[in-house]
Structure formats: structure tokens, C-alpha cells
Amino acid sequence: MELDLLPKLPQEAYGGNGGAYYAWCPKELPMLREGNIGAAKLALQKNGLGLPRYSDSAKVAYVLQGSGVAGIVLPEQEEKVLPIKEGDAIALPFGVVTWWYNKEDTELVVLFLGDTSKAHKAGSFTDFFLTGSNGIFTGFSTEFVSRAWDLDEGVVRTLVGKQSGNGIVKLDAGFKMPEPKDEHRHGMALNCLEAPLDVDIKNGGRVVVLNTKNLPLVGEVGLGADLVRLDGSAMCSPGFSCDSALQVTYIVRGSGRVQVVGVDGKHVLETTIKAGNLFIVPRFFVVSKIGDPDGMEWFSIITTPNPIFTHLAGRTSAWKALSPEVLQASFNVAPDVEQQFRSKRTADAIFFPPPN
């Protein structure tokens, strides 16, 4: 069966005046199920509140747009209330309870990518809400809630009866939410637009890698991530994950072209990618991208906390490491052709500026 690697857009799962929640469906993007990967977006309007919830999957959250507040409760710890903004990456391990709030005019959009290998449905996140019309209070009888929380049954009926929102609600303009604390960001969030660059190639591109060194919580999540900004008409070297990891890529802005080569040198994907697209590169498949004139930016997760990539062009490529005689014999070419092949792309780079 041929793999469907075509990029896809998400579908709205639920929403209202406060915003909407979108998810990528495994039926439309089968690689989600194949790779046990989930992908979703939360978009909150002004005064929109994403109600407290926990998930059946460990995730990495990335703020695509806007600024707001995130409440995070790690198991058996006190709540941390973080100011969040565009470029923030947040690791969300199993068991964490979160809520999200936007108090600004600009829409707050948060991307979620994660591992669904232990989820109820492969390729999909399932959230369990603490409040709302589908919250846990609504499932228990009045007696059980009353005894568990030591409340009068009248109070219980009020708590349950007032919960009319489903996942997202819009608060009154004057409602006062907890104030975020900058110190709560420590160890919880990393801004990929402000972090030191791991790769910086003039007229080529820049990379910030999210790993256990700069955000230790990703070790608990079991995922690595990176933000890549490719300059106009530049190329990202063909390469593959050499530690059997899947690469899940969301195009943040811009557009470009992508090609993927699979087993037996088969050309499995060639298409245009643009902002909002999500696509997945299978294990060991080789992928390369070229940005359009305005460039392209993408955020990826890799299904290992400290990913290792092998690039097939540039000074450190596997081809450059092979003996000249091996290349001559393998390509069945004369020494001068092998030397020409070897002498090109001598820079230690994974991005190549556009031709002059």
C-alpha cells in the first residue's frame, strides 16, 4: 500500500464565541496513525478560556501567534501561571493539567504535537476536562461528588448546572484571571525566536533545537523539536533521521517545495507546502525543502528527545566520508567525475543559499 504523505489542514472539532479547537484526522493523514502521532491547534479569541484539562498523550505545545496566559499543574505540584507569547515551546508530560487564556485583541493560537502510542485512539489526542458540559463532574452522581469534595448536594447541583461551555468559554471583559509570573517560565518554556541559534547560515537559514539541555521536561515527554527558518529560495540539505525517529512538520509561515525519497530510491512526495500545512516524514526517508522567494518557517517534533540527523550534502555528509574508490565503483564513474562530486559543497552547512 502506498503511503499518503500529502500535507493536510486541520478540521474544527469544537468551538464557540471564545475560540475553536482544531485537529488533524488520522483518516485524512494516515501517517498520524502509522506513527502514533497527534496534532491539534487551539485558537482563542479575546477573553477566550480553554478550560482545565488533561490528556492521554504527552505533547509539545508551540505558540504560533499572539500572547496570553497558560496555567500548568504538574502531578502533585502547585499551579504555575506562565505568560506565553509567539515562539514559546512548552513541554507537557503525561498527567499535566493545563488551561489557556487570551486577554489580548490578537487571536492566541497554540499548536500541539505529541505521542499517541499510549492514547485511546492512535493518531488522536483525547482530552479529559475537569469542568464544562463534558467535565468529570457531569459524569458522577450528585452523591459521589458530594462525598468526594465534602459539599452539600445543593452546591453540587449548582456546580454541575452552571457548566454550560464545552472545552472553550468566553469570559466577561471585567473578569479577573490569575496574573502570570515570569519566574514560572523557568524550566517550563523556551522561546525559540529568542533562544541561541544552533545553526546560522548567512542567506541560508537558522535553527533552534529543543532538547533536554535547554528544556529538560522534553525528556519526560519523549520528544525533541526544532524551529527552522529558511531564507528566500534557500535549500535545506537532503537528510534523514538516523535514530529511527519520525519527523512531524508544521509550516508556520511562508511556502516552498518539498521532496521525499523512500525505500528503493522511490520518489514518494513532491509538492508545494504552505502555512498551516502538516506533513510527516517516515523513519529513514530522505527529505529536502526549498523555500519560495519569501522564505519558509516550520516547527517540527521528532519522536526522540535528542534527535540525530544525517545530512547527505555538505562537508559532513555521509558521501564525503566514503573513500574515493568506493564512490568511483558505486557510481561507476571516472576519477575526475568523483573528484568533481567530492569538491562541491565543502562548507559545513545544512542550508544552501540560492544560486547566484
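Residues numbered from 1 in each chain as written. Predicted model: local features only at pLDDT ≥ 70, side-chain atom pairs only at ≥ 80, totals over all residues. Heavy atoms only, no water.

The protein chain appears in an unreviewed UniProt entry as Cupin type-1 domain-containing protein from Escallonia herrerae. According to the UniProt record, the Sequence similarities (unreviewed entry) comment for the protein chain reads "Belongs to the 11S seed storage protein (globulins) family." (UniProt positions renumbered as here; feature names shortened; annotations may be inferred.)

Trainee: Mind showing me how you'd approach the nonpolar core here?
Mentor: Note on soluble globular proteins: their nonpolar side chains tend to be buried together. Of all hydrophobic cores here, the largest spans 88 residues; its most connected members are Trp100, Leu278, Phe299 and Ile301. Leave out the neighbours within four places in its chain, and leucine 278 touches Leu6, Pro7, Lys8, Trp24, Leu29, Leu32, Ala39, Leu113, Val248, Thr249 and Tyr250. (Core = buried A, V, L, I, M, F, W, Y, C linked by side-chain atoms within 4.5 Å. Buried < 20%, exposed > 50% of the residue type's maximum accessible area, 1.4 Å probe, protein only. Contact = heavy atoms within 4.5 Å.)

Trainee: What should I look at first to understand the pairing of strand S16 (residues 224-230) in this one?
Mentor: For S16, the buried fraction is high: six of the seven residues fall into the buried class. As paired strands, strand S15 (residues 205-210) and S16 are joined by six bridges and run antiparallel to one another. Looking across to S16, one finds that arginine 206 is bridged to arginine 229. Direction of pairing for S16 relative to strand S21 (residues 286-302): antiparallel, over a ladder of seven bridges. (Helix = DSSP H or I, 4+ residues; strand = E, 2+ residues; numbered from the N terminus. Pairing = 2+ DSSP bridges.)

Trainee: Sorry if this is basic, but what is going on with the packing of helix H2 (residues 142-149) against helix H3 (residues 153-161) here?
Mentor: When two helices pack together, their arrangement is captured by the angle between the axes and the distance separating the axes. One way to put it is that H2 packs onto H3 with a least axis distance of 9 Å and a crossing angle of 110°. On the basis of their axis angle, the class for H2 and H3 is roughly perpendicular. Judged by residue contacts, Thr142, Glu143, Val145 and Ser146 of H2 engage Glu153, Val156 and Arg157 from H3. Of the residues in the contact of H2 with H3, the class split is two nonpolar, two polar and three charged. (Axes fitted to C-alpha atoms, helices over the stretch in contact; angles between N-to-C directions. Parallel < 35°, antiparallel > 145°, perpendicular 65-115°, else oblique. Nonpolar A, V, L, I, M, F, W, Y, C, P; charged D, E, K, R; others polar.)

Trainee: Please explain the pattern of salt bridges as it appears in this structure.
Mentor: Any two side chains of opposite charge can pair, on the condition that their charged atoms come close. As enumerated under the stated definition, the model contains eleven salt bridges in all. A salt bridge links aspartate 88 to arginine 185, with the nearest nitrogen and oxygen atoms 2.6 Å apart. Taken together, the residues span a long stretch of sequence, with aspartate 88 in strand S8 (residues 88-92) and arginine 185 in the loop between strand S12 (168-170) and strand S13 (189-191) at a distance of 97 residues. Measuring nitrogen to oxygen at the nearest pair gives 3.0 Å for the salt bridge that ties glutamate 297 to arginine 253. Here the residue glutamate 297 occupies a position in strand S21, and arginine 253 occupies one in strand S18 (residues 247-261), the gap between them amounting to 44 residues. By relative accessible area, glutamate 297 is classed as buried at 8%. The network of salt bridges with shared partners includes Arg53, Lys59 and Asp127. (Salt bridge = Lys/Arg side-chain N within 4 Å of Asp/Glu carboxyl O.)

Trainee: When you look at empty space enclosed by the protein in this model, what are you seeing that I'm missing?
Mentor: Remark: the empty space left among the atoms is shown by a probe the size of a water molecule rolled over them. All told, the structure shown has one cavity of 30 Å³ or more when counted by the stated rule. Volume-wise, the largest cavity comes out at about 150 Å³. Contributing to the lining of the largest cavity are 16 residues, with Ser55, Lys59, Leu92, Thr98 and Asp127 lying nearest its centre. In terms of residues, the lining of the largest cavity owes the most to one element, strand S4 (residues 48-55), which gives three residues. Tallied by class, residues from the lining of the largest cavity come to nine nonpolar, four polar and three charged. (1 Å grid on protein atoms, 1.4 Å probe; cavity = no way out; pocket = protein on both sides within 12 Å on 5 of 7 lines; lining within 4 Å. Points joined across faces, edges and corners; volume = space filled by probe spheres on them.)

Trainee: What exactly am I supposed to notice about the sheet that holds strand S2 (residues 19-23) here?
Mentor: Either a parallel or an antiparallel arrangement is found when strands of a sheet pair, and the pairing is made through backbone hydrogen bonds. The antiparallel open sheet is built from seven strands, whose spatial order is S1-S2-S3-S10-S5-S8-S13. Each edge of the open sheet carries a strand with a single partner, namely strand S1 (11-16) and S13. Averaged over all neighbouring strand pairs, the angle between strand axes comes to 20°, with direction disregarded. One ladder, built from eight bridges, connects strand S3 (residues 37-44) with strand S10 (residues 108-115); its direction is antiparallel. Considered in S10, the bridge of glycine 38 is made with glycine 114.

Trainee: I would appreciate a short explanation of the packing of helix H6 (residues 324-331) against helix H7 (residues 335-343) in the present structure.
Mentor: It is the contact of H6 with H7, at a shortest axis distance of 9 Å, that shows an interaxial angle of 115°. Classed by the angle they form, the pair H6 and H7 counts as roughly perpendicular. Viewed along their axes, H6 and H7 form a crossing whose handedness is right-handed. Counted together, Pro324, Leu327, Gln328 and Phe331 of H6 and Pro335, Glu338, Phe341 and Arg342 of H7 form the full contact between these two elements. (Left-handed = near helix turned anticlockwise from the far one by under 90°.)

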